[in-house]
Amino acid sequence: MLQPTHMLNFKNDYFEVIAYHGKDEKYNAHCWKCKCNCGKIVILRTDVIKSGSTKSCGCGRKSIFVKGHPYGKRFELKHGLSKHPLYRVWCHIIDRCYNLIPEHINYRYYQGKGIKMCDEWKGNFKNFYDWSISNGWQKGLTIDRIDSNGNY
């Protein structure tokens, strides 16, 4: 394997390059073994290191959740269910009710009719999730309105 002729001499506030790791064929880029401030070893491409776009191995994001952090509760964990299939259903309902442009093919069926989502669900996915689960929702089922002119 061909290696770069010189070691990438790089250290910033987040990472220190330790050794050459190899070439990422997908991106046609050299990769480096880097040590994060927390001590974890991660593999990063040259362009990612030089751009400074990656600030940590993930440890920095975890610290934001700590109360009293200088950034406040900017990334406070709300419900921990964003990967659940119902979260996507909830997002699609909100999009249909509030985020369609008049030129969209489905605008007339939702926003054009004035279809809304109840306030209890609109601002709180956890309420929507709890209601769905308590009413027997399971993977493979859908959530529909009984009245096509009625609200969610």
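Residues numbered from 1 in each chain as written. Predicted model: local features only at pLDDT ≥ 70, side-chain atom pairs only at ≥ 80, totals over all residues. Heavy atoms only, no water.

A. View of the overall build of the protein. Along the protein, the regular secondary structure elements total five helices and three strands. In sequence order, the secondary structure elements of the protein are arranged as β-β-β-α-α-α-α-α. Per-residue burial for the protein yields a buried fraction of 26% across its 152 residues. Partitioning the contacts of the protein with sequence separation of at least 6, the portion at a separation of at least 24 is 38%. Surface exposure of the protein reaches about 11,000 Å², of which carbon and sulfur atoms provide 51%. (Helix = DSSP H or I, 4+ residues; strand = E, 2+ residues; numbered from the N terminus. Buried < 20%, exposed > 50% of the residue type's maximum accessible area, 1.4 Å probe, protein only. Contact = heavy atoms within 4.5 Å. Areas by Shrake-Rupley, 256 points an atom, 1.4 Å probe, with all protein chains shown as cover.)

B. Summary view of the pairing of strand β2 (residues 29–36). One ladder, built from eight bridges, connects strand β1 (residues 15–24) with β2; its direction is antiparallel. When the bridges of β2 are listed, F15 appears paired with C36. Between β1 and the antiparallel strand that follows it, β2, lie four residues; N28 among them carries a positive phi value of about 50 degrees. Inspection of the sheet shows β2 paired to strand β3 (residues 41–45) by five bridges, in the antiparallel sense. Across the sheet, C31 pairs through a bridge with R45, a residue of β3. (Pairing = 2+ DSSP bridges.)

C. Broad picture of the nonpolar core. If you look at the biggest cluster of nonpolar residues, it comprises 16 residues, and the most contacted ones within it are L86, W90, I93, M117, F125, F128 and Y152. Counting only elements with at least two residues in this core, the list comes to α3 (85–99) and α5 (125–134). With five residues, α3 is the largest single contributor of residues to this core. Not counting residues within four places of it along the chain, the set of residues in contact with Y152 comprises I93, R96, C97, Y110, I115, K116, M117, C118, W121 and R145. Formed by 10 residues, the second largest nonpolar core is a distinct cluster that contains V17, C34, V42 and I49. (Core = buried A, V, L, I, M, F, W, Y, C linked by side-chain atoms within 4.5 Å.)

D. Structural detail: the confidence of the model for the protein. Model confidence for the protein is summarised by a mean pLDDT of 78, while 79% of its residues fall at 70 or above. Averaged over each element, pLDDT in the protein is lowest for helix α2 (residues 59–64) (56) and highest for α5 (91). Across residues 69–76, where pLDDT falls below 50, the model places eight contacts with residues more than four positions away in sequence or in other chains. (pLDDT = per-residue confidence, 0-100.)

E. Geometry of the environment of I43. On the secondary structure map, I43 appears in strand β3. Take I43: its relative accessible area is 39%, and that puts it in the partly exposed class. Separated by 23 residues in the primary sequence, I43 and Y20 have C-alpha atoms spaced 9.3 Å apart. Not counting residues up to four positions away in its chain, the partners in contact with I43 are H21, C31, W32 and K33.

F. Region of interest: the sheet that holds β1. Taken together, the three strands give an open sheet; going across it, the order is β1-β2-β3, and neighbouring strands pair in antiparallel fashion. Every other strand in the sheet has two partners, leaving β1 and β3 as the edge strands with one partner each. Strand-to-strand twist across the sheet, computed as the mean angle between neighbouring axes with direction ignored, equals 30 degrees. (Axes fitted to C-alpha atoms, helices over the stretch in contact; angles between N-to-C directions.)

G. Summary view of the packing of aromatic side chains. If you walk through the whole model with that rule in mind, you get eight aromatic pairs. With centroids separated by 4.8 Å and ring planes inclined at 55 degrees, the aromatic side chains of W121 and W131 adopt a geometry described as tilted. Remark: W131 occurs in helix α5 and W121 occurs in helix α4 (residues 119–122); sequence separation between them is 10 residues. A residue is classified by how much of its surface remains accessible, and W121, at 9% relative accessible area, is buried. What makes W131 partly exposed here is its relative accessible area of 38%. Consider the rings of F125 and Y129, whose centres lie 6.0 Å apart with planes at 45 degrees: the pair is tilted. (Phe/Tyr/Trp six-rings, centres within 6.5 Å; stacked < 30°, edge-to-face > 60°.)

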